[in-house]
Amino acid sequence: RLDDDEIARNRGGSSNDTRRAAALAFAREVALTRGKVSDCALDAVRVAGFTDGQILEIVAVVVLFTMSNYFNNVMKTDIDVFPNKGVWSVAEQSA
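Residues numbered from 1 in each chain as written. Predicted model: local features only at pLDDT ≥ 70, side-chain atom pairs only at ≥ 80, totals over all residues. Heavy atoms only, no water.

Draft legend 1. Representation of the packing of helix H3 (residues 39–47) against helix H4 (residues 52–75). Closest axis-to-axis distance for the H3/H4 pair is 10 Å, and the angle between their directions is 120°. Between H3 and H4, the angle is such that the two are oblique. Between H3 and H4 the crossing geometry is right-handed. On H4, the residues touching Leu 42, Val 45 and Arg 46 of H3 are Asp 52, Ile 55 and Ile 58. For the contact of H3 with H4, the residue count by class is 4 nonpolar, no polar and 2 charged. (Axes fitted to C-alpha atoms, helices over the stretch in contact; angles between N-to-C directions. Helix = DSSP H or I, 4+ residues; strand = E, 2+ residues; numbered from the N terminus. Parallel < 35°, antiparallel > 145°, perpendicular 65-115°, else oblique. Left-handed = near helix turned anticlockwise from the far one by under 90°. Contact = heavy atoms within 4.5 Å. Nonpolar A, V, L, I, M, F, W, Y, C, P; charged D, E, K, R; others polar.)

This is the structure we're talking about:
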């Protein structure tokens, strides 16, 4: 479970957890290079302990969010990025 500070760090692209930080850095590299990541970036995420399957999952998440952003931009969708915190606390209580 992530605390609010870690979630904020993750949204900013960083983490106190070295493995999570490596995944975030790699995801950023995938997005910024449009998938043409450097060998160094790929090596770094592997050294952090990610398997090729997990690396593909990171790429898939980047692709999913990119595609979603493109659709929302085209359709001019009103986005509620941070839903009412009360919604989450109700869901957490029932879990």
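After that view, the rundown keeps rolling.
Draft legend 2. Inspection of the pattern of salt bridges at higher detail. One pass over the full model with this rule turns up 3 salt bridges. For Arg 9, the salt bridge identified is with Glu 6, shortest N-O distance 2.9 Å. A residue pair is termed a helical-turn pair when its members lie 3 or 4 positions apart in one helix, as Arg 9 and Glu 6 do in helix H1 (residues 4–11) at 3 residues. The exposure class assigned to Arg 9 is partly exposed, which follows from its relative accessible area of 26%. By relative accessible area, which is 5% here, Glu 6 ends up buried. A salt bridge links Asp 52 to Arg 46; the shortest N-O distance between them is 3.0 Å. Using a relative accessible area of 46% as the deciding quantity, one classes Asp 52 as partly exposed. Shared partners join several salt bridges into a network, and the residues in it are Glu 6, Arg 9 and Arg 20. (Salt bridge = Lys/Arg side-chain N within 4 Å of Asp/Glu carboxyl O. Buried < 20%, exposed > 50% of the residue type's maximum accessible area, 1.4 Å probe, protein only.)

Draft legend 3. Region of interest: the confidence of the model for the protein chain. In this model, the protein chain carries an average pLDDT of 88, and 84% of its residues clear a pLDDT of 70 or more. By mean pLDDT, the top-scoring element of the protein chain is H3 (98), and the lowest-scoring one is helix H5 (residues 85–94) (48). Per-residue pLDDT stays below 50 along residues 87–95; that stretch engages in 2 contacts with residues further than four places along the chain or on separate chains. (pLDDT = per-residue confidence, 0-100.)

Draft legend 4. Layout of the nonpolar core. If you look at the biggest cluster of nonpolar residues, it comprises 10 residues: Ala 23, Phe 26, Ala 27, Val 30, Ala 41, Val 45, Phe 50, Ile 55, Ile 58 and Val 62. Excluding residues that lie within four positions of it along the chain, Val 62 makes contacts with Ala 27, Val 30 and Ala 31. (Core = buried A, V, L, I, M, F, W, Y, C linked by side-chain atoms within 4.5 Å.)

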